[in-house]
Amino acid sequence: MPQSKEILFLFDPLLIESKTAATVVLMLSSPEEEVLAKACDALYKFASKGDENKMTLLGLGAVEHLYKLISHEDPIVRRNAIMVFGIMASNHDVKKLLRELDVTNSLISQLALEVRALNVIPPLLELLKSEYPVIQLLALKTLEVISKDRETRIILGENKGLDCLLKILEVNEFSDLHVEALAVLGNCLEDVCTLQLIQQTGGLKKLLSLVGVSTVPDIQKNAAKAITKAAYDSENRKILNEEEVEKCLVNLLEIDNDGVKIAAAQAISAMCENLASKRAFRLQGIPQLVQLLSSDNEEVKEAAVTALANLTAASPSNASAVAEAEGIEPLVNTLNAQRDGAIANAATVLTNLATQEPFRIDIQSCGIMSVLVKSLRSTSSQVQSKAAFAVAAFGCDADARTELRNAGGLGPLVELLYSKDEEVRRNACWAVMVCASDELTAVELCRLRALDILEEINLSTGRKNNFSEAALEKLLDNNLSQKYSQMGYLSSSNIITDGFYDYGQIKPGVKFLSLEELSMQELTDRRAVIFINAKPQEE
């Protein structure tokens, strides 16, 4: 027997050492099906002994190896790999990685293959007619899982499954099944052909009517989630707009249930990709979303401000509607929210409003630049990027630049120039370029080494961007002595004043010395530094 198989039989979860676990994880790459099956079985026993063992396997990269095996051609290997996932998923860190790898959809795809092979859709639909509610419920829950697969949804439609679901929704006696029926229907609505079919038969109108009269939060929430899924497709958005789905969603925003409000706001975010829907939400929708910015529920706040960000994108009319709904102050307050998504989207909405001068002035009066300093220091690249973008939008006004400078915001802004995130770095360069419009701010930026950092960025083909070059030039325009030394020329718009000095040509990457630094050097026979001082001496 090969040594690898001997190790498998010795793999005792009670006596295991980390090096043996590492060996078994490596065996998940074996081409032998028997080795793979036994390795998975051994890992299952090991993981079942506790959270510490699960973390050990996570650190050894077992999850990634197992992910490949859930689609293995051998059914025993496939089954054993899925069993390991099942036991490891109880660990929070493992669960997070499984979401990142989208393991759930892979498992559903595998399940759907088995479902199609066994032709279980007709029997499941028959079970919906059972006189026992528990059987109907289990049938719906099964349909909910397998209908996440597109091919299965097609089979469901071919077997008149949509009619069965709509009939359940129409009967009040089946109200305890409505939530599950809506979940299945929500999966089906992702397909354009299915939505068109439901619209043509009048089922979509009935569905929206049902949501309008229902007082059950789970039904309302599931309906909004179904609309969100459908709205990811542009053709579906047109159909939903024709049925005036916007009215339904606005009504859901006013339901006294946070889960329903969140789902409705998310559906609005998806629907406003349609221009007609975007216009429809202007009078009915934006005022309600603005009110939700004052919610005590952080998730509600995030969903509402995300919807407002999408509604105001490239839409001055909707931006005006936000301001008219007295949304400016709540938006500025949302910059102090607990969730990064809420902060980033609040900055986005305020930036969208800033394109109109009256609103920009109103926002500045709320101390926007001081509030943005905290966002610039965030550890979230999404927040950093949107905050820097907002600084660029408001930094065109001298008072705003002064506020940012006095609030200590230039330091965090310069730090973002070091970011490895391309969007953060680009927006930071843009903000520096805008803020360097006056001499006081430009001098402070140079003191914080913005000039040196921008020079480094522009020497790198992978890090430089159009804004980094423009920002460097703008800073140099407010530091003409260094510009002349580095560039070898001054522009026609550059005016030399007292304090200018000709240091001589310097090479890229070489530090430019200030007058104070030069005055401390000993005299040499090297080229003299020419200094302009035309001011009369004070007596």
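Residues numbered from 1 in each chain as written. Predicted model: local features only at pLDDT ≥ 70, side-chain atom pairs only at ≥ 80, totals over all residues. Heavy atoms only, no water.

The chain has the name Armadillo repeat containing 3 in an unreviewed UniProt entry, where Buteo japonicus is given as its organism.

A.B. asks: Explain the overall build of the chain to me, please; I cannot follow it from the model alone.
C.D. replies: Scanning the chain from N- to C-terminus turns up 36 helices and 2 strands. Computed over the C-alpha atoms, the radius of gyration of the chain is 31 Å, more than 25% above the 24 Å expected from 2.2 N^0.38 for a compact globule of 539 residues. In terms of principal-axis extent, the alpha carbons of the chain reach across some 105 × 70 × 35 Å. Put simply, of all contacts in the chain between residues at least 6 apart along the chain, 65% involve residues at least 24 apart. Within the structure as shown, the chain displays about 27300 Å² of accessible surface, and the carbon and sulfur contribution to it stands at 51%. (Helix = DSSP H or I, 4+ residues; strand = E, 2+ residues; numbered from the N terminus. Rg over C-alpha atoms; globule rule 2.2 N^0.38 Å. Contact = heavy atoms within 4.5 Å. Areas by Shrake-Rupley, 256 points an atom, 1.4 Å probe, with all protein chains shown as cover.)

A.B. asks: What should I look at first to understand the confidence of the model for the chain in this one?
C.D. replies: Predicted coordinates in regions of low pLDDT should not be interpreted in detail. Of the residues in the chain, 93% reach a pLDDT of 70 or more, and the chain-wide mean stands at 89. Within the model, pLDDT remains below 50 along residues 1–18, and this stretch shows 31 contacts once partners closer than five positions in the same chain are excluded. (pLDDT = per-residue confidence, 0-100.)

A.B. asks: Sorry if this is basic, but what is going on with unusual backbone geometry here?
C.D. replies: Peptide bonds are mostly trans, and most non-glycine residues show a negative phi. In this structure, E326 is a non-glycine residue whose phi angle is positive, near 60 degrees. For R449, which is not glycine, the phi dihedral falls at a positive 75 degrees. You can see R449 is positioned in the loop between α32 (439–447) and α33 (450–459).

A.B. asks: Explain the environment of A344 to me, please; I cannot follow it from the model alone.
C.D. replies: Along the chain, A344 falls in helix α25 (residues 340–353). A344 sits in the buried class, given a relative accessible area of 1%. Residues A344 and D163, 181 residues apart in the sequence, show an inter-C-alpha distance of 43 Å. Ignoring any residue separated from it by four or fewer positions in sequence, one finds A344 in contact with Q382, V383 and K386. (Buried < 20%, exposed > 50% of the residue type's maximum accessible area, 1.4 Å probe, protein only.)

A.B. asks: Even after reading the chapter, I still don't get the pattern of salt bridges, so can you show me in this structure?
C.D. replies: Side-chain pairs of opposite charge can arise where the charged atoms are in close proximity. By the definition in use, this model includes 20 salt bridges. Here D191 ties to R153 by a salt bridge, and the two come within 2.7 Å at their closest N and O atoms. Within this pair, whereas D191 is found in the loop between α13 (178–188) and α14 (192–200), its partner R153 is found in helix α11 (residues 150–158), the two being separated by 38 residues in sequence. The pair formed by D191 and R153 is uniform in burial state, with each residue classed as buried. Across the pair E302 and R339 runs a salt bridge whose closest N-O atoms are separated by 2.4 Å. Of this pair, E302 sits in helix α22 (residues 298–312) while R339 sits in the loop between α24 (328–334) and α25; the two residues are 37 residues apart in sequence, bridging distant segments of the chain. Judged by its relative accessible area of 19%, E302 falls in the buried class. Members of the salt-bridge network, linked through shared partners, are R150, R153 and D191. (Salt bridge = Lys/Arg side-chain N within 4 Å of Asp/Glu carboxyl O.)

A.B. asks: It is not clear to me how the UniProt feature "domain: ARMC5-like ARM-repeats" (unreviewed entry) in the chain should be interpreted in this structure. Could you clarify?
C.D. replies: UniProt records the feature "domain: ARMC5-like ARM-repeats" (unreviewed entry) for residues 181–427 in the present numbering. Along residues 181–427 one finds 76% helix and 0% strand; the C-alpha atoms at either end are 46 Å apart. (UniProt positions renumbered as here; feature names shortened; annotations may be inferred.)

A.B. asks: Looking at this model, I keep getting lost on the nonpolar core. Mind explaining?
C.D. replies: In globular proteins that are soluble, nonpolar side chains generally tend to be buried together. Of all hydrophobic cores here, the largest spans 128 residues; its most connected members are L289 and L417. The element that contributes the greatest number of residues to this core is helix α19 (residues 258–271), accounting for 9 residues. Listed in part, the 29 residues of the second largest apolar core include F46, L58, L69 and I70. (Core = buried A, V, L, I, M, F, W, Y, C linked by side-chain atoms within 4.5 Å.)

A.B. asks: What is the right way to read a negative patch on the surface from this model?
C.D. replies: A cluster of like negative charges, contributed by D256, D258, D296 and E299, occupies part of the molecular surface. Mapped onto the fold, D256 is located in the loop between α18 (245–253) and α19. D256 sits in the exposed class, given a relative accessible area of 76%. (Patch = residues over 30% accessible without salt bridge, like charges linked within 9 Å, V, L, I, M, F, W, Y side chains within 5 Å. Lys, Arg positive; Asp, Glu negative; His and termini not counted. Charge placed at Lys NZ, Arg CZ, Asp CG, Glu CD.)

A.B. asks: What exactly am I supposed to notice about a nonpolar patch on the surface here?
C.D. replies: Taken together, the side chains of L127, Y132, V134, I135 and L138 define a hydrophobic patch exposed on the protein surface, amounting to about 460 Å² of accessible area. Take the nonpolar patch: its biggest share by element is 3 residues, from helix α10 (residues 133–146). Examined against the element boundaries, L138 turns out to sit in helix α10.

A.B. asks: Any chance you could explain the side chain of S419 here in plain terms?
C.D. replies: Of note, S419 is situated in the loop between α30 (410–415) and α31 (422–435). Taking relative accessible area as the criterion, S419 reaches 14% and is therefore assigned buried. In this structure S419 touches V424 and R425, once residues within four positions along its chain are discounted.

A.B. asks: I tried to follow the UniProt feature "repeat: ARM" (unreviewed entry) in the chain on my own but got confused; where do I start?
C.D. replies: As recorded in UniProt, the sites labelled "repeat: ARM" (unreviewed entry) are residues 284–312. Here residues 284–312 is 76% helix and 0% strand, with 14 Å between the C-alpha atoms at its ends.

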